[in-house]
Amino acid sequence: MGEVLDSMMSNIGAVWRVFSSYLIFINMFLSIVIIFFQRKDPQSVWTWLLILYFIPIIGFVLYLLIGMDMHKRKMFKVKEIEDSLNDIIRFQESHLINRELEKRDPEITDYSDLVLYNLETGRAVLTDDNDVTIFTDGNEKFDALIEDMERAQEFIHVQYYIIKDDVLFNRVKEVLARKAAQGVEVRVLFDSMGCRSVPSKYWKELKKEGIMLAEFFPAILGRLQMRVNYRNHRKIVVIDNKVAYVGGFNIGKEYIGLDEKFGYWRDTHLRIEGSAIMSLSTRFLLDWNYAAKENLFINDRYFRLPERGYVRGCEMQIISSGPDSRMKNIRDNYVRLIGKAKKSIYIQSPYFIPDDAMLTVLILAVYSGIEVNIMIPCKPDHPFVYWATYSYIGELVMAGANCYTYNKGFLHSKGIVVDDKVFCYGTANMDIRSFALNFEVNAVVYCEKKAMEMRKIFEKDLEHCSQITKDVYASRSLLIRMKEQVSRLLSPLL
């Protein structure tokens, strides 16, 4: 028996030596690819090289799961919409350059360069007839959403990163199934990673109800997720092009405060009526076409707005970003808005891991006498992300920013308000993942009335917050300091 064991151990050792020798060449090959063939920022490059060097086997697996670069992939291009979009974009560009749009719409005077940037890089058309309702409570948001779904006559397009098989989606499913039975087209697009806990039989039941489904980046062999990065993090609902929703709430019981782990869920979602709906509808259809391989752009009925008469309202652009984008549009909007601030900045984000550009412009704002206020959760749902967040928050606290932890429950709201004039809220967190790796969508709203409302919501949230003062941050324990350092080192991958 002993001889057999010795032989087995000898064979295992021989296999390991051969594997180790090949692993050196594999790591060298990956290092060359990372350095010379993938456009990663230097910080990410060094992080990956350190991981491959110090934990070669685990590092190799991690790279396969989350390190592969998908940038420059043209995933969402559809020729059918380009000509019509180009006409609108060229018209708005010429009016911005000639400053004619500013005379007609004085609220964008200070931000016309940002409007032009969004037009040029993200094809984000400016619309000025929008009515915006802000939701901060999940029950109120989903009550309104279900009520709007009940009134649908032509189509309901639903897209969420997370959909859970629980009490909330059962309410939504009941309406969707009933509307599908009435002849309304119902499409549901979900992200495979975000919905990995949902059994496949559940989706089959939805199909039997007449609901059309599409899965973004589906798993291999049912459960194996080969792309931890590059997830579709967007949350969009469009109903008959009459009303649309975009924001932070997913579909699950925790989002209506029914999960004891998180308690009250504080988030932000926008309900929109007006021409901006067309941009959200286009965004959904592009994602649907890619995931479902169904080109809906050949049917112009998805691009008709209902007759409602022109009513002057909020000016707005819908901006998207993702690894297929040429620019980091949402990150760039945050940076530009912070750079243009004259009085105040209010930021909320569950994950705050800024890149160098955003961190620098925030510190410059603080030192320039601008009031910078940042709110994060008091509890982590992802520990490494939380302690990296706390590290960056600490740097801003020591610079003089006002930073707070939200204590009532879990803060999942994502966005920025500047000078009570403009705000940018949606699905994107203030972190490197949302800036470059995930597919996101935000609304930039140039409207003093709504910007002031959003700022007052922030101030109301302060009643449930604790401030992270310089003394509080300086007195943190050695264990917390260690957690921060390790997490910040890994921040390019978080």
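Preceding block: the structure.
The rules behind the values
Residues numbered from 1 in each chain as written. Predicted model: local features only at pLDDT ≥ 70, side-chain atom pairs only at ≥ 80, totals over all residues. Heavy atoms only, no water. Helix = DSSP H or I, 4+ residues; strand = E, 2+ residues; numbered from the N terminus. Buried < 20%, exposed > 50% of the residue type's maximum accessible area, 1.4 Å probe, protein only. Contact = heavy atoms within 4.5 Å. Areas by Shrake-Rupley, 256 points an atom, 1.4 Å probe, with all protein chains shown as cover. Pairing = 2+ DSSP bridges. Core = buried A, V, L, I, M, F, W, Y, C linked by side-chain atoms within 4.5 Å. Phe/Tyr/Trp six-rings, centres within 6.5 Å; stacked < 30°, edge-to-face > 60°. Axes fitted to C-alpha atoms, helices over the stretch in contact; angles between N-to-C directions. Parallel < 35°, antiparallel > 145°, perpendicular 65-115°, else oblique. Left-handed = near helix turned anticlockwise from the far one by under 90°. Nonpolar A, V, L, I, M, F, W, Y, C, P; charged D, E, K, R; others polar. Polar contact = N/O pair within 3.5 Å; in protein donor to acceptor, adjacent residues only side chain to side chain. Salt bridge = Lys/Arg side-chain N within 4 Å of Asp/Glu carboxyl O.

Chemist: For the overall build of the protein chain, give the residues involved together with the corresponding values.
Modeler: Tallying secondary structure elements over the protein chain gives 17 helices and 18 strands in all. The buried share of the protein chain, taken over its 494 residues, is 56%. Across the protein chain, the fraction of contacts at a sequence separation of at least 24, relative to all contacts at a separation of at least 6, is 80%. Put simply, the protein chain shows about 22200 Å² of open surface, and 58% of that area lies on carbon and sulfur atoms.

Chemist: Outline the pairing of strand β5 (residues 236-239), listing residues and values.
Modeler: Along β5, one buried face is formed by I236 and V238 and the opposite face, lined by V237 and I239, is buried too. As paired elements, strand β2 (residues 155-160) and β5 share 4 bridges and run antiparallel to each other. Along β5, the bridge assignment pairs I156 with I239. The pairing of β5 with strand β6 (residues 243-247) spans 4 bridges and is classified as antiparallel. When the sheet's bridge partners are listed, V237 is paired in β6 with Y245. Turn length for the β5-β6 hairpin, with the two strands adjacent in sequence and antiparallel, is 3 residues, and the turn residue D240 shows positive phi of about 55 degrees.

Chemist: Describe in detail the nonpolar core, supporting the description with residues and values.
Modeler: Ranked by internal contacts, the top residues of the largest apolar core, which has 96 residues, are M149, L176 and I416. The biggest single contributor to this core is helix α13 (residues 383-399), with 10 residues. Excluding residues that lie within four positions of it along the chain, L176 makes contacts with M149, I156, V158, F169, V186, V188 and I211. By size, the runner-up hydrophobic cluster in this structure holds 48 residues, among which are V132, L189, I272 and C465.

Chemist: Describe the packing of aromatic side chains, listing the residues and the values that go with them.
Modeler: Any two aromatic rings considered together are summarised by their centre-to-centre distance and by the angle between their planes. One pass over the structure, following the stated rule, counts 21 aromatic pairs. Relative to Y446, the ring of Y111 lies with its centre 6.2 Å away and its plane at 40 degrees, an arrangement referred to as tilted. Here Y111 is found in the loop between α5 (100-104) and α6 (112-122), whereas its partner Y446 is found in strand β17 (residues 440-446), with 335 residues between them in sequence. For Y111, a relative accessible area of 2% puts it in the buried group. Judged by its relative accessible area of 0%, Y446 falls in the buried class. Pairing F217 with Y290 gives two aromatic rings, centres 6.1 Å apart and planes at 80 degrees, and the pair type is edge-to-face. With F217 in the loop between β4 (212-216) and β5 and Y290 in helix α10 (residues 276-292), the pair connects residues that are 73 residues apart, well separated along the chain. A relative accessible area of 4% means that F217 is categorised as buried.

Chemist: Describe the packing of helix α11 (residues 329-340) against helix α12 (residues 356-367), listing the residues and the values that go with them.
Modeler: Following both chains from N to C, one finds α11 and α12 inclined at 15 degrees, their axes separated by 9 Å at the closest point. The angle between the axes of α11 and α12 places the two elements in the roughly parallel class. Seen from above, α11 lies across α12 with left-handed handedness. Every residue of α12 that contacts α11 at R331, Y334, V335, I338 and G339 is listed here: A357, M358, V361, L362 and A365. Split into classes, the residues belonging to the contact of α11 with α12 amount to 8 nonpolar, 1 polar and 1 charged.

Chemist: Could you give an account of the side chain of Q317, with specific residues and numbers?
Modeler: Positionally, Q317 belongs in strand β8 (residues 314-321). Under the relative-accessibility criterion, Q317 is labelled buried at 0%. Side-chain polar atoms of Q317 contact the backbone oxygen of A124, separated by 2.8 Å. Excluding residues within four positions of it along the chain, Q317 makes contact with L114, V115, N118, L119, A124, V125, L126, N442, A443, V444 and Y446.

Chemist: So what's going on with the side chain of D420? Which residues, and what values?
Modeler: Looking at the element boundaries, D420 is found in the loop between β14 (415-418) and β15 (422-426). Among residues more than four places away in sequence, those in contact with D420 are S344, E448, A451, M452 and R455.

Chemist: Outline the pairing of strand β12 (residues 402-406), supporting the account with residue identities and numerical values.
Modeler: In terms of burial, β12 is largely enclosed, as 4 of its 5 residues are buried. With 5 bridges connecting them, strand β11 (residues 371-377) and β12 associate as parallel partners. From the neighbouring strand, N373 faces β12, where its bridge partner is N402. Bridge analysis of β12 against strand β18 (residues 465-467) gives 3 bridges, and the strand direction is antiparallel. Bridge pairing in β18 links T405 to S466.

Chemist: Account for unusual backbone geometry, with residues named and values stated.
Modeler: With a phi angle near 55 degrees, D240 is a residue other than glycine that sits in the positive phi range. One can find D240 in the loop between β5 and β6. We note that K293 has phi near 55 degrees; this positive angle belongs to a residue other than glycine. Within the secondary structure, K293 sits in the loop between α10 and β8. A residue is classified by how much of its surface remains accessible, and K293, at 65% relative accessible area, is exposed.

Chemist: Summarise the pattern of salt bridges; cite the residues concerned and give the values.
Modeler: Scanning the model with the defined rule gives 27 salt bridges in all. The closest approach of N and O atoms between R271 and D148, which form a salt bridge, is 2.8 Å. Remark: D148 occurs in helix α7 (residues 138-150) and R271 occurs in strand β7 (residues 264-273); sequence separation between them is 123 residues. Summarising the burial analysis for this pair, R271 and D148 share the class buried. Here R455 and E459 are joined by a salt bridge, their closest N and O atoms 3.1 Å apart. With a gap of 4 residues between them, R455 and E459 both fall in helix α15 (residues 448-461), about one helical turn apart. Residues joined by salt bridges that share partners form a network here, namely E147, D148, R151, R271 and E273.

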